[in-house]
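Observations on the model geometry
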Amino acid sequence: MKPFIKIPLILYFLLLLTTPVDAQISKITFAPQWIPQAQFAGYYAAQDMGFYKEAGIEVEIVHPSANIQATALLASGKADIISLFLVTGIAAKIQGLDVVNFGQISQHSAILFLTKKSRGIEKLEQLNGKKIGIWRSGFDEVPKALIKEKGYNVEWVPILSTVNLFMMDGIDAMTVMSYNEYDYIINCGVNEDELNVFPVSHYGYDVPEDGLYCLRSTYEKRGPELQKFLKATLKGWDYAAANKSIAIDMVLERMKQAHIPANSVHQAWMLDKILEMMDLSNKRAARGELLESDFLKTVKILNNSIKSKSNFTFTEFYKPLYK
Amino acid sequence: MKKTTLSYHIIRNVLLFCIGLFLVTFSVYYYFTRNTIRETTRENAIFLARNTINRIEEVLSPAEKIPEIVAKTLESEFLSKDSLIPFLKSVLSINNNVYGSIIAYEPDFFPEQGTYFAPYAYRQGDSICSSVLGDKNYEYFYMDWYQIPKITNAPYWSEPYFDEGGGNVLMTTYSVPFHTYKNGARVFSGIVTVDISLEWLTKIMSQVKILDTGYAFLLSRNGVVIAHPNKDYVMNQTIFTIAKENNQPSMRETGRNMIQGKSNFESAGFKSKWKSGKLWINYAPLPSSHWSIGVIYPDKEMFASLHRINIILLILIVTGLFLLSYVIYKIVNNLTSPLKHFAESARLIAEGNFNVQLPQIKTEDEMKELYNSFSYMQRELGNYIATLKETTTAKEKIESELRIAKEIQMSMIPHIFPPFPDLPQIDVFAVLKSAKEVGGDLYDFFVIDGNKFCFAIGDVSGKGVPASLFMAVTRTLVRSISDKEFSPSVIVGTLNKSISQNNESSMFVTLFLGVLDLSNGVLNYTNAGHNPPVIIKNSRESTMFEKTKYIPVGLFEDFEYGESSLQLDSGDKIFLYTDGVSEAENSENDLFGDNAIMEIISGNLSAPPRELINKMEEGISAHVKGFTQSDDITMMTIVYNG
């Protein structure tokens, strides 16, 4: 045997000896609500840096596809934990999926109304009577609630996932995420000074977004593991915030594996914005905590937009594990 | 100062001029050649871009026709619902570039079909398959290929995408809206598409070869990189993310121009990880899809030929300048080498070697003229020196004779002091300093009959040998006449007669002649045109004799001279002198003057004769300050000691 084949073998056996074989280690499958991108950098960091393992859990990350949503993965048992927008989480529970929120990661809304300056829309009220592109696949409740509250009459144009209709001037405005579509449009050659933005948060709709969800049964059975998961995830986010370029590389690696077009510029932008969403400086919440006021605000929005009303309380919906 | 050579000066000046000329010529050449290369490259780039665009359009343009024809056909409602799939299949079978085609209808267009109805034909391997698309999971109404042409009511080339079902190939879709008539009104009814694989596009783009590392790339309408030699960029990056990643705002501007359908040839400094350095880019839009093609020319390679020529030129010019310096050095050395010999010859001639060999000059030029002048100088100097030798010999002879004459002259006048040691009544001291070898001044004194002291001082007109001869004659005559005569006027008158006769040369002599009776101190004297002497009475006061009214001796034969008389007391002194004293000049032409004489005498009234004369000499020296003596200086002091 050649000596340089020997060495890795020896190392391998040494590794086997030193790694404690823990029969108790529990497996958790986590599904973020969308395909791999920097929005989930904290989870990737926690996984790659071994924070989950340190906490005594083994986490597998699976991603939903265009056809199978995260909630479906949760319902079918293919995922133990999923991340969802708060509004999506509450809506899912209203529609009968017995989920609980056990950690609120994002504390702010990233939703913007975006228009090209060439369309002449300088104020929010000028959206009245205009064609506005909006996600077909969800997240539409908040912007729709704002427009409804203002009493504007707009034509909503459902859009699947691209910004091309906006780029082709097929619509006057579009709802975008500050961390995603907004930068995507900039990266298609539109300059920032050519755009007007109206963040929903400026109009009283600063609704928290990404949070962690599981089935109530899971919470009851595996509470301590969920807590470990939340703690390790927050540690992962701390690492991503401190080591952005490493975190971006982790994201890009996963995007490549999933055959998704990827570039570091956009992912770096996204990571920065996602970290901003987690900022608590003007909020009286702990990290990972969902405030009741945010819950009530979101319930109110949903009660106005969907037919069925919520029939559960804050404590039934939210199980704090951040302490 | 550092010694330099003529060839150094010439080479330096010629080289400086040549380098200046070269720099100007080279700059002009470089500027124009560079411009020409740039212009040629620009034309080449435009041609290349247009050519590539044409090749792409050869596929895209006909592909555009298919859905347009299908749309027209649908609008005319020739086709039944059931014939749509066979129709699409036949369309695919005759258009090899088309990967798939859909006719997607608006919701409930055919009520029996429900919301979704989109017949689809597509290739799978070599066969053409079909299906009907549209359900809850495939809501095509919200897809770009359907929604955008519907809303904008215009055909639409989709952004390229990877088709996951079709082997992950890069695809694009061309969609055309179609209309039908319902109750006589033309209403939008759906979209016809063709899917085109872009594999051929990558091939066409990779076939574009520009210089060594130049390349072509293609951007979609959103600036997404569709084709690029760097595979990592394709579909991952837009030109704007690359610009941001590398912090290059100018690249973003170029990208904006490109997606806005502009064309240009411009320089760009790229500094991405993939490619860096100065580049030239030509970009132009594709008429069909509004994508934009860019062709990149690396500046270094563009001007590589120019730089090669520049290096060759530089080597040639440097070599040329070295050769030029060498040739100039040789020529100048050849031309000037006789000069060195001439310089040597001149030194030898200066050392007195008049027969030195001059360098041989074979040319008939300025050097020959120099040779002629040198040779003339050599000859003339030889002659001159020979003449000079003769003259010097003659002069030396004359000078030696003059020296002898002076000795003879000086021997004629008394020069032993005190002259009369046995005559205590009288003491005399006198000096005669000639301006030239022999002079015209004279003095003399002697005793007649034991108690008569005769003395004379005089100055012959003119100088030199004639004056000295005349002086000798005068002295001899005075001596011979005073043998028999004691009266000064008689002596002078007789002398005048003797001299005036046969005085062909019209010379004359001023003369003061006195006869002192030693027994009683009576001095009789005649002053024939001479400077009045000074009498010092009793060592207390000095006065000048009155000015004479008698003319110098030798002018008129019959002139009558009178005489004067003066009583001397014991201790009285008489100071006599010639005009060489009173008219002694300094460099400013100031004369010594009578006043100075009187001043010196007044300061030394009691001085013995030798001392008084010494003081007078010192006074004269102080006045003339070394200026050349122009006249004989003669002084005599007599003391009567009764």
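Quantities reported herein were computed from a predicted structural model and do not represent experimental measurements.

**Some thoughts on the overall build of chain B**
Looking only at helices and strands, chain B features 14 helices and 22 strands. Here chain B holds 642 residues, and the buried ones make up 34% of them. In chain B, of all internal contacts separated by at least 6 residues, the share reaching a separation of at least 24 is 63%.

**A look at the pairing of strand β21 (residues 573-577) of chain B**
All names here are of chain B. Most of β21 is tucked away, with 5 of its 5 residues classed as buried. Residues Lys-573, Phe-575 and Tyr-577 point to one face of β21 and Ile-574 and Leu-576 to the other, with burial holding for every one of them. Where strand β18 (residues 534-537) meets β21, 3 bridges bridge the pair, whose relative direction is antiparallel. Of the residues in β21, the one forming a bridge with Ile-535 is Ile-574. Here β21 pairs with strand β22 (residues 633-640) via 5 bridges, running antiparallel. When the bridges of β22 are listed, Lys-573 appears paired with Val-639.

**As for the confidence of the model for chain A**
Residues and elements named next belong to chain A. In the predicted model, chain A carries a mean pLDDT of 89, and 92% of its residues have values of at least 70. A low-confidence stretch, residues 1-9 stays under pLDDT 50, and its non-local contacts, those more than four residues away or across chains, total 1 contact. Confidence drops under a pLDDT of 50 for residues 11-23, and excluding neighbours within four residues, the segment shows 0 contacts in the predicted structure.

**What about the sheet that holds strand β15 (residues 452-460) of chain B?**
All names here are of chain B. Pairing is antiparallel across the open sheet formed by 5 strands, whose spatial order is β14-β15-β16-β17-β20. Two strands close off the open sheet at either side, each with one partner strand: β14 (441-448) and β20 (564-567). For this sheet the average axis-to-axis angle between neighbouring strands, irrespective of direction, equals 15°. Looking at chain direction, β15 and strand β16 (residues 509-517) are connected through 9 bridges and run antiparallel. Bridge assignment links Ala-456 to a residue of β16, and that residue is Leu-513.

**Details of the interface of chain A and chain B**
The partner chain B presents 24 residues to the 21 residues of chain A that form the contact. Looking at the side of chain A that touches chain B, the elements that each hand over two or more residues are β7 (155-159), α7 (164-167) and α11 (264-277) of chain A.

**A short note on the pairing of β22 of chain B**
Residues and elements named next belong to chain B. Most of β22 is tucked away: 7 of the 8 residues are buried. In the sheet, strand β13 (residues 426-433) pairs with β22 via 8 bridges, with the strands oriented antiparallel. Note on β22: the bridge partner recorded for Val-428 is Ile-638.

**Description of the packing of helix α5 (residues 86-94) of chain A against helix α12 (residues 292-305) of chain A**
Residues and elements named next belong to chain A. Between α5 and α12, whose axes approach to 10 Å, the crossing angle comes to 65°. Seen along the crossing, α5 lies across α12 with a hand that is right-handed. On α12, the residues that touch Leu-86, Val-87, Ile-90, Ala-91 and Ile-94 of α5 are Asp-294, Thr-298, Val-299, Ile-301 and Leu-302. Among the residues making up the contact of α5 with α12, the classes are represented as 8 nonpolar, 1 polar and 1 charged.

**Examining the nonpolar core**
Ranked by size, the top nonpolar core spans 177 residues in total, and within it Ala-41 of chain A together with Val-295 of chain B carry the most contacts. Examining the composition of this core, we find that 11 residues originate from one element, helix α1 (residues 6-75) of chain B, more than from any other. Look past the residues within four positions of Val-295 of chain B in its chain and what remains in contact with it is Ala-45, Leu-48, Ala-49, Val-208, Ile-210, Ala-216 and Asn-282 of chain B. Ala-456, Phe-512, Phe-592 and Met-616 of chain B belong to the second largest nonpolar core, which has 58 residues in total.

**Considerations on the sheet that holds strand β10 (residues 264-271) of chain B**
Residues and elements named next belong to chain B. One open sheet holds the 5 strands; their spatial order is β9-β8-β12-β11-β10, and the pairing between them is antiparallel. Two strands close off the open sheet at either side, each with one partner strand: β9 (225-227) and β10. Along the sheet, successive strands turn relative to each other by an average axial angle of 35°, direction set aside. With 8 bridges connecting them, β10 and strand β11 (residues 276-285) associate as antiparallel partners.

**Some words on the packing of helix α10 (residues 464-481) of chain B against helix α11 (residues 488-500) of chain B**
All names here are of chain B. At a closest axis distance of 10 Å, the pairing of α10 and α11 adopts a crossing angle of 135°. Here α10 lies oblique to α11, going by the angle between them. Crossing angle aside, the handedness with which α10 passes α11 is right-handed. Contacts between α10 and α11 involve Thr-474, Leu-477, Val-478 and Ile-481 on the former and, on the latter, Ile-491, Thr-494, Leu-495, Ser-498 and Ile-499. Taken together, the residues of the contact of α10 with α11 sort by class into 6 nonpolar, 3 polar and no charged.

**As for unusual backbone geometry**
Of note, the bond from Phe-417 of chain B into Pro-418 of chain B is cis; its omega dihedral lies within 30 degrees of zero at -5°. Secondary-structure assignment places Pro-418 of chain B in the loop between α9 (366-412) and β13. Although it is not a glycine, Asp-169 of chain A adopts a positive phi angle of roughly 60°. Residue position: Asp-169 of chain A is located in the loop between α7 and β8 (173-177). By the C-beta count within 10 Å, which is 12 here, Asp-169 of chain A ends up exposed. The phi angle at Asn-538 of chain B is positive, at roughly 55°, despite the residue not being glycine. Summarising the element assignment, Asn-538 of chain B is placed in the loop between β18 and β19 (541-544).

**Some remarks on the environment of Asp-183 of chain A**
All names here are of chain A. By the secondary structure assignment, Asp-183 is in helix α8 (residues 181-186). On the neighbour-count criterion, Asp-183 (23 C-beta atoms within 10 Å) is buried. Counting along the chain gives 83 residues from Asp-183 to His-266, while the straight-line C-alpha distance between them is 6.7 Å. Excluding residues that lie within four positions of it along the chain, Asp-183 makes contacts with His-266, Trp-269 and Met-270.

**Considering helix α6 (residues 249-259) of chain B**
Residue and element names in this part refer to chain B. When α6 is considered as a whole, its buried residues turn out to be Met-251, Arg-252, Thr-254, Gly-255, Met-258 and Ile-259. For α6, the angular spread of the buried residues around the axis is 160°, confining them to a single face. Of the surrounding secondary structure, the elements contacted by the buried residues of α6 are β8 (215-219), α5 (239-245), β10, β11 and β12 (292-298).

Rules of the game
Residues numbered from 1 in each chain as written. Chains lettered and ligands numbered in written order. Predicted model: local features only at pLDDT ≥ 70, side-chain atom pairs only at ≥ 80, totals over all residues. Helix = DSSP H or I, 4+ residues; strand = E, 2+ residues; numbered from the N terminus. Buried ≥ 20, exposed ≤ 12 C-beta atoms within 10 Å, placed from the backbone. Contact = placed C-beta atoms within 7 Å. Pairing = 2+ DSSP bridges. pLDDT = per-residue confidence, 0-100. Axes fitted to C-alpha atoms, helices over the stretch in contact; angles between N-to-C directions. Left-handed = near helix turned anticlockwise from the far one by under 90°. Nonpolar A, V, L, I, M, F, W, Y, C, P; charged D, E, K, R; others polar. Core = buried A, V, L, I, M, F, W, Y, C linked by C-beta atoms within 7 Å. Parallel < 35°, antiparallel > 145°, perpendicular 65-115°, else oblique. Arc of directions from axis to C-beta.

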